[in-house]
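Structural overview
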Amino acid sequence: MPTFAYTARAANGDLRSATLDAPSREEAVAQLRRQRMSVVKIEQETKRKSAGGSIKMRDIVIFTRQFSTMINAGLPLVQALDILAKQSDNKALADVTRAVVADVESGHTVADALGKHPKAFTDLYVNMVAAGEAGGILDTILMRLATFLEKNDALVRKVKGAMTYPAVIMSVAGIAILVLLIKVIPVFQEMFGSVGMELPLPTRVVIGASQFLQSYWWAMLIGGVGAVFALKAYYKTSAGQLNIDRLLLKFPVLGDLLRKSAVSRFTRTLGTLLSSGVSILDGLEITAKTSGNRVIQDAIMASRASIAGGDTIAAPLQKSAVFPPMVISMIAVGEQTGGLDEMLTKIADFYDEEVDAAVSVLMSLLEPIMIVFLGIVVGGMVVAMYLPIFDMMNAVQ
């Protein structure tokens, strides 16, 4: 991702110079504006080699929980951040925290200091901290943010866990099938060739697959790698991302899991932002970026446009046909009663349980499906190889 060096004027009139990472110059300017900064100059830097390694979500979750605990206990901001920098196991996060300490000591707000490190701290994170500082309730906001990040991390782990098991099983199955086709089948082929008997159709099909793989493995490898790169390139386009994400939501069982996890993430993120004092328009924009699905993102941005035009959130969400009727109804009630943040949190708690149930259903269905698949493919290959042997035994009798 490109790095941009900028000079911008903060809300208090101070000029600040730093760097940030963004997909484009326009997005870099948008990030600065969301931090209430007026851009004076911004230029893309030449690519530099980054040091320190990556910062995982789990690292940020632990950082936030420890930060909130120390602030809630009454420790000064700089002292709390300095302790976090010294005890962090992640070198990259420790370096970022030390940079934040330096900025805070020089007079920057915590939100501005965190906003200089978008790879570690998201827009959601920075906006919530800014709201906490403005309202004088940073300790409360950090506790709320820590809880949100922990639940969001748990949700992501559940969905990834559901995908990991079948991926591992199918990878092992693929390796086993390749070994059979490359090493085992040629032995049978040579044995049958020495006898000179006519082979049954299933045996000829398996031997043909083995010969094709041995002769054109390079073409299949190139084709597979090319297909992966083509799919990734297509997904990077606006239309490709929309089409693939829409297709994923239509998958049986898997689509239901992805939909429920997206609803849970959307409602919890927006509910947390609203209860922290972030405006509804900013909250919807931030939530759209963290939705994880283009179809959901477009529906959220449509609801943002609806709110900006004086209408409700619920109507555009209903038109998208992505959100369940219960969610739409509860959001509408929350808007009418003025308790939208509480209603969103209740929906998120409910859908967390629904995600658990969907993961259980997916796993219970995948196990027998994979067993049947492996039985048909591997068992079919073994039977096909033994059919000529059975024919020879019958001919001898």
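Quick notes on the rules
- Residues numbered from 1 in each chain as written.
- Predicted model: local features only at pLDDT ≥ 70, side-chain atom pairs only at ≥ 80, totals over all residues.
- Heavy atoms only, no water.
- Helix = DSSP H or I, 4+ residues; strand = E, 2+ residues; numbered from the N terminus.
- Rg over C-alpha atoms; globule rule 2.2 N^0.38 Å.
- Buried < 20%, exposed > 50% of the residue type's maximum accessible area, 1.4 Å probe, protein only.
- Contact = heavy atoms within 4.5 Å.
- Areas by Shrake-Rupley, 256 points an atom, 1.4 Å probe, with all protein chains shown as cover.
- Lys, Arg positive; Asp, Glu negative; His and termini not counted.
- Charge placed at Lys NZ, Arg CZ, Asp CG, Glu CD.
- Phe/Tyr/Trp six-rings, centres within 6.5 Å; stacked < 30°, edge-to-face > 60°.
- Salt bridge = Lys/Arg side-chain N within 4 Å of Asp/Glu carboxyl O.
- pLDDT = per-residue confidence, 0-100.
- Expected span 1.5 Å × (residues − 1).
- Axes fitted to C-alpha atoms, helices over the stretch in contact; angles between N-to-C directions.
- Parallel < 35°, antiparallel > 145°, perpendicular 65-115°, else oblique.
- Left-handed = near helix turned anticlockwise from the far one by under 90°.
- Nonpolar A, V, L, I, M, F, W, Y, C, P; charged D, E, K, R; others polar.
- Core = buried A, V, L, I, M, F, W, Y, C linked by side-chain atoms within 4.5 Å.
- Patch = residues over 30% accessible without salt bridge, like charges linked within 9 Å, V, L, I, M, F, W, Y side chains within 5 Å.

Turning our eyes to something else, we now look at the overall build of the protein chain. Broken down by element type, the protein chain carries 15 helices and 3 strands. By the compact-globule yardstick of 21 Å for 397 residues, the protein chain is too spread out, its C-alpha radius of gyration being 28 Å. Expressed along its principal axes, the backbone C-alpha trace of the protein chain runs to roughly 95 × 50 × 40 Å. When each of the 397 residues of the protein chain is scored for burial, the buried share is 39%. Put simply, of all contacts in the protein chain between residues at least 6 apart along the chain, 61% involve residues at least 24 apart. Surface summary for the protein chain: the accessible area is close to 21,100 Å², and the carbon and sulfur share equals 62%. For the protein chain, the distance from the average site of its 38 positive side-chain charges to the average site of its 36 negative ones is 4 Å.

What the rule picks out here adds up to 8 aromatic pairs. A centroid spacing of 6.1 Å and a plane angle of 45 degrees characterise the contact between F188 and F192, whose relative ring orientation is tilted. You can see F188 and its partner F192 sitting in helix 7 (residues 138–195), 4 residues apart, about one turn around the helix. Pair check on accessibility: F188 and F192 agree, each one buried. On the basis of an interplanar angle of 40 degrees and a centroid distance of 5.1 Å, the ring pair of F212 and Y216 is categorised as tilted. Residue F212 and its partner Y216 are both found in helix 8 (residues 201–236); the two are separated by 4 residues, about one turn of the helix. For F212, a relative accessible area of 45% corresponds to the partly exposed category. Every member of this aromatic cluster is reached through a ring pair, and the members are F63, F67, F121 and Y125.

Under the counting rule described, the total for this entry stands at 14 salt bridges. Notably, a salt bridge pairs R268 with D352, separated by 2.7 Å at the nearest N-O pair. Taken together, the residues R268 in helix 10 (residues 254–275) and D352 in helix 15 (residues 340–396) connect sequence positions 84 residues apart. Residue R268 is classed as buried on the basis of its relative accessible area of 8%. In this structure D352 comes out as buried when scored by relative accessible area, which is 15%.

Per-residue confidence for the protein chain averages 83 on the pLDDT scale, and 96% of its residues sit at or above 70. When mean pLDDT is taken per element in the protein chain, helix 8 scores highest with 90 and strand 2 (residues 15–21) scores lowest with 71.

Before going further, it helps to examine helix 2 (residues 57–72). For helix 2, which comprises 16 residues, the first-to-last C-alpha distance of 22 Å matches the rise-based estimate of 22 Å (1.5 Å per residue) to within 8%. Three or more residues of helix 2 are buried, namely I60, V61, F63, T64, F67, S68, M70 and I71. In this structure, the buried residues of helix 2 make contact with helix 3 (77–87), helix 4 (91–105), helix 6 (123–135) and helix 7. Of the residues one or two after helix 2, G74 is the one with positive phi, at around 100 degrees.

Our focus in this paragraph is the packing of helix 7 against helix 8. Orientation of helix 7 relative to helix 8, taken along the N-to-C sense of each, is 120 degrees, at an axis distance of 9 Å. When the interaxial angle is binned, helix 7 and helix 8 end up oblique. Our pair here, helix 7 against helix 8, has a crossing hand that is left-handed. Contacts from L178, L181, I182, I185, P186, Q189 and F192 in helix 7 reach T203, V206, I207, A209, S210, Q211, L213 and Q214 in helix 8. A class-by-class count of the residues in the contact of helix 7 with helix 8 yields 10 nonpolar, 5 polar and no charged.

The next point concerns the packing of helix 11 (residues 280–289) against helix 12 (residues 294–308). Contact pair helix 11 / helix 12: the axes reach a minimum separation of 9 Å and the direction vectors enclose 170 degrees. With respect to helix 12, the axis of helix 11 lies roughly antiparallel. Residues I280, L281, L284, E285, T287 and A288 of helix 11 touch helix 12, and the partners they reach there are Q297, I300, M301, S303, R304, I307 and A308. The residue inventory of the contact of helix 11 with helix 12, partitioned by class, reads 8 nonpolar, 3 polar and 2 charged.

Our next topic: the nonpolar core. Within the largest apolar cluster, 36 residues are counted, with the highest numbers of intra-cluster contacts made by F121, Y125 and V129. Among the secondary structure elements, those contributing two or more residues to this core are helix 2, helix 3, helix 4, helix 5 (110–115), helix 6 and helix 7. Examining the composition of this core, we find that 7 residues originate from one element, helix 6, more than from any other. Apart from residues no more than four positions distant in its own chain, Y125 is found in contact with I60, F63, T64, L114, L145 and L149. Counting residues in each nonpolar core, the second largest holds 26 residues, with L284, L317, I331 and Y351 among its members.

With that settled, the discussion passes to a nonpolar patch on the surface. A grouping of F212, Y216, W217, W218, M220, L221, I222, V225 and F229 is seen on the molecular surface, where their side chains present a nonpolar patch of about 1,000 Å² in accessible area. With respect to the helices and strands, W217 occurs in helix 8.

Residues spaced three or four apart along an α-helix face the same direction, because each turn holds 3.6 residues. For helix 11, the set of buried residues is G283, L284, E285, I286, T287 and A288. Those residues of helix 11 that are buried are in contact with helix 1 (25–34), helix 6, helix 10 and helix 12.

We now examine the environment of I376. Among the secondary structure elements, I376 is positioned in helix 15. Separated by 46 residues in the primary sequence, I376 and M330 place their C-alpha atoms 47 Å from one another.

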